[in-house]
Each structure stands twice: as C-alpha cells, then as structure tokens.
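# Examining the three-dimensional arrangement
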Amino acid sequence: MSYSSDHLQRFLAIATEAAQAGGAVLQRYWGQLSDIQQKGRPGDLVTEADKAAEVEVLGVLRRHLPDHAILAEESGRLGTNDNPLVWAVDPLDGTTNYTHQYPFCAVSVGLLIEGVPAVGAIFDPVRGDLFRAARGLGATCNRQPIRVSETDSLADSLLVTGFAYDRRETADNNYAEFCQLTHLTRGVRRGGSAAIDLAYVACGRLDGYWERGLSPWDVAAGVILVQEAGGQVTAYDQSPFDIESGRILASNGPIHSQLSHELAQVKPLERFIPKS
Ligand code: IPD
Ligand code: CA
Ligand code: CA
C-alpha cells in the first residue's frame with residue numbers, strides 16, 4: 001500500500017510530538033542521573049533517562065497510532081510481526097555522551113514502511129534542534145529547509161563514523177577504515193550519536209558518514225533525513241541500503257563513490273584483530 005502525503009504529514013507530526021516528549025525527559029535528567037547501568041558489552045549503558053524517555057515516546061505513538069508496530073531499543077518489538085508500519089525508536093541515542101554530559105545526543109523516532117525509512121524526527125535536547133523529514137516532503141531543521149553540502153572531493157571533506165560495542169570482539173572493528181579516511185580527508189569525527197551524525201550530513205555540517213554494527217532505531221529517522229536533503233544512502237559497496245544489515249554509507253552524493261571505494265580497500269589492523 002502507498003501512503004498519501006497527507007498520511008505522511010500526519011505521521012511526521014506524530015513523530016515530532018513523540019521526539020519532543022522524549023526530549024523533554026532528557027532535558028530534565030541532564031546532569032541529574034543516579035542510575036547508570038551496563039546493559040551488555042562494556043560501554044553499552046542504560047540510564048533512567050533512556051527508560052523514562054522511551055515511556056514518553058511510546059505513549060505518544062500508541063495514543064495516536066495504536067495499530068502500528070514499534071521496535072524500541074529498551075522495550076524491543078511491540079505489535080505483530082507482519083505489520084508493514086513499524087516505528088523504530090531510540091529514546092536516547094548517545095547514552096555514553098549523555099552520561100558524561102558531552103552534549104551530542106538525540107531522541108530518534110523513525111517510521112519504516114515495509115522496512116524502508118519513510119518518516120523521521122530527531123530532537124537534540126541540548127541545542128533544542130529539531131530535524132524532520134518525510135518521503136517526498138523534504139527535510140528541515142527547526143522548520144527551515146536543509147540540504148546536504150556540495151563538497152566534491154574527499155580531501156575537502158569532513159566525515160563522521162562510530163565504533164560499535166562489539167569492537168573488541170571482531171576484526172571488523174572499523175579502526176582501519178577510520179585511519180584510512182582520516183589520512184585522506186580534513187578529518188573524521190566520532191560523534192557518538194548516529195542520529196546526530198546523519199542529521200548533520202543532512203544539513204551540510206558533515207559531508208559523509210559510515211558505520212557498522214548499528215540497529216534499525218539508530219538510523220531509521222536519519223536515513224530519510226539525508227535522502228530528503230538530497231544526499232545518498234547505500235550499503236558500503238553502493239548496493240541498496242538494508243536497515244537490517246547494520247551497515248550504512250551516507251553522504252552528500254558527490255563524494256559517495258570515493259568513500260565507497262576507500263572503504264573497500266581497507267584491511268583490518270593486525271594489532272586489533274582479536275586472538276581466538
Ligand atoms: C550508539 C550511538 C553511537 C554508535 C553506536 C550506537 P546508543 O547508540 O549511536 O554513535 O556508534 O553504534 O549503538 O547506544 O547511545 O543508543
Ligand atoms: Ca543508539
Ligand atoms: Ca539508545
């Protein structure tokens with residue numbers, strides 16, 4: 001089934017309400033955390049702010065759209081498996097940053113239609129920036145249209161990436177890619193929030209982003225933002241993006257092939273290949 005722009009507008013308004021409701025919780029807990037726990041691997045934290053923000057986001061989605069399914073980081077899958085409409089929710093993307101009061105984090109609320117990002121709202125509770133997009137309706141920051149950068153060479157680009165929590169367990173840890181692209185560009189940032197990384201590519205503050213080991217809730221909203229801002233989102237090898245793969249290559253477009261080419265060349269750094 002295809003959805004009219006009226007449907008998508010409505011879903012976007014609901015995504016916005018949900019992201020802002022979660023963001024208000026994050027603003028309240030900022031600098032006030034008393035419950036910081038490790039979820040699984042070292043560094044993978046969850047706090048009372050993650051949980052409370054998720055309750056707010058899910059409350060908004062369920063009130064307006066009780067028939068839609070939800071995939072939320074802290075609650076898992078809610079609703080039937082065959083539902084084509086799934087909200088991918090990260091109530092706090094950048095928990096490590098948030099815990100340290102390093103001001104890069106966001107609430108990310110994205111709608112997948114048949115597994116493909118269609119609507120997204122990302123709210124940065126520190127700066128108060130609200131990024132929004134829906135398929136065919138454009139992308140905005142604080143209600144003003146945004147566009148990707150025009151940078152057309154890696155040498156002039158500023159990139160961002162991240163390192164998944166399993167990085168000590170796998171040779172596929174992104175360290176070699178980070179070195180290679182740092183060598184060839186103006187720099188590679190490690191922002192610590194995939195949602196903000198994608199939002200910044202969408203508004204031209206960054207030229208490209210790649211990462212592996214991601215979950216759908218990390219990128220669902222950001223993917224549609226980059227696409228609607230005129231950018232490109234694919235797998236590393238430029239084949240179609242698959243949200244279940246955990247891998248993403250997002251850019252302004254002109255540097256996409258160069259980035260893909262460099263990622264294909266890289267061999268893992270010996271020193272960081274785990275001993276089996
Ligand atoms: C993490 C952030 C980080 C990325 C990790 C994610 P979390 O999400 O997006 O930038 O590198 O892979 O898991 O754990 O803060 O929600
Ligand atoms: Ca996340
Ligand atoms: Ca999270």
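Residues numbered from 1 in each chain as written. Chains lettered and ligands numbered in written order. Predicted model: local features only at pLDDT ≥ 70, side-chain atom pairs only at ≥ 80, totals over all residues. Heavy atoms only, no water.

## Some remarks on the UniProt feature "binding site: Mg(2+) 2" (unreviewed entry) in the protein chain
The feature "binding site: Mg(2+) 2" (unreviewed entry), as annotated in UniProt, sits at Asp90 and Asp93 in this numbering. With respect to the secondary-structure elements, Asp90 resides in strand β5 (residues 85-93). Those residues in contact with Asp90, other than ones at most four positions away along the chain, are Glu73, Ala106, Val107, Ser108, Trp217 and Asp218. Side-chain polar atoms of Asp90 contact the backbone nitrogen of Leu92, separated by 3.2 Å. With respect to the secondary-structure elements, Asp93 resides in strand β5. Filtering out sequence-adjacent residues up to four positions away, Asp93 remains in contact with Phe104, Cys105, Ala106, Ser193, Ala194, Ala195, Ile196 and Asp218. (UniProt positions renumbered as here; feature names shortened; annotations may be inferred. Helix = DSSP H or I, 4+ residues; strand = E, 2+ residues; numbered from the N terminus. Contact = heavy atoms within 4.5 Å. Polar contact = N/O pair within 3.5 Å; in protein donor to acceptor, adjacent residues only side chain to side chain.)

## Quick word on the side chain of Asp50
Looking at the secondary structure, you find Asp50 in helix α2 (residues 48-64). Lys39 is the oppositely charged side chain nearest to the buried, salt-bridge-free Asp50, at an N-O distance of 6.0 Å. Those residues within four positions of Asp50 in sequence are excluded, and the remaining contacts are Leu45, Glu74, Pro91, Leu92 and Thr95. (Buried < 20%, exposed > 50% of the residue type's maximum accessible area, 1.4 Å probe, protein only. Lys, Arg positive; Asp, Glu negative; His and termini not counted. Salt bridge = Lys/Arg side-chain N within 4 Å of Asp/Glu carboxyl O.)

## Concerning the domain arrangement of the protein chain
The domain architecture assigned to the protein chain consists of domain 1 (5-145) and domain 2 (154-269). Its C-alpha centre places domain 1 at a distance of 20 Å from the equivalent point of domain 2. The partner domain 2 presents 27 residues to the 42 residues of domain 1 that form the contact. Approximately 2,500 Å² of surface area, both sides summed, lies buried where domain 1 meets domain 2, with 66% of it carried by carbon and sulfur atoms. Per-residue buried area on domain 1 facing domain 2 is highest for Arg41, Pro117 and Phe131; these three make up 22% of the total on that side. Counting across the domain 1 and domain 2 interface gives two salt bridges. Between Arg41 and Glu169 there is a salt bridge, with its nearest N and O atoms 2.8 Å apart. When contributions to the side of domain 1 that touches domain 2 are tallied by element, the ones reaching two or more residues are β3 (69-72), β5, α3 (95-99), β6 (106-113), β7 (116-123), β8 (130-134) and β9 (138-141). Per-element accounting of the side of domain 1 that touches domain 2 gives the leading share, six residues, to β7. (Domains from an automatic or database assignment. Buried area = accessible area lost by both parts, 1.4 Å probe.)

## Looking at the coordination of the calcium ion (ligand 3)
Around the calcium ion (ligand 3), the protein contributes the donor atoms Glu73 (OE), Asp90 (OD), Asp90 (OD) and Leu92 (O), which lie 2.1 to 3.2 Å from the metal centre. Within one chain, the residues donating to the calcium ion (ligand 3) are spaced in sequence as E-x16-D-x1-L. (Donors = N, O, S within 2.8 Å, 3.2 Å for Na, K, Ca; no water.)

## Thoughts on the UniProt feature "binding site: Mg(2+) 1" (unreviewed entry) in the protein chain
UniProt's feature table lists "binding site: Mg(2+) 1" (unreviewed entry) at Glu73, Leu92 and Asp218, given in the numbering used throughout. On the basis of their most widely separated C-alpha atoms, the annotated residues across 146 residues gather in one place, lying no more than 9.5 Å apart. As for its placement among the helices and strands, Glu73 is situated in the loop between β3 and β4 (76-78). For Glu73, the residues in contact, after removing those within four places along its chain, are Lys39, Glu54, Val89, Asp90, Pro91, Leu92 and Trp217. In terms of polar contacts, Glu73 uses its side chain to reach the side chain of Lys39, at 2.9 Å. The topology assignment puts Leu92 in strand β5. Apart from the residues within four sequence positions on either side, Leu92 is in contact with Leu26, Thr47, Asp50, Glu73, Tyr98, Cys105 and Ala106.

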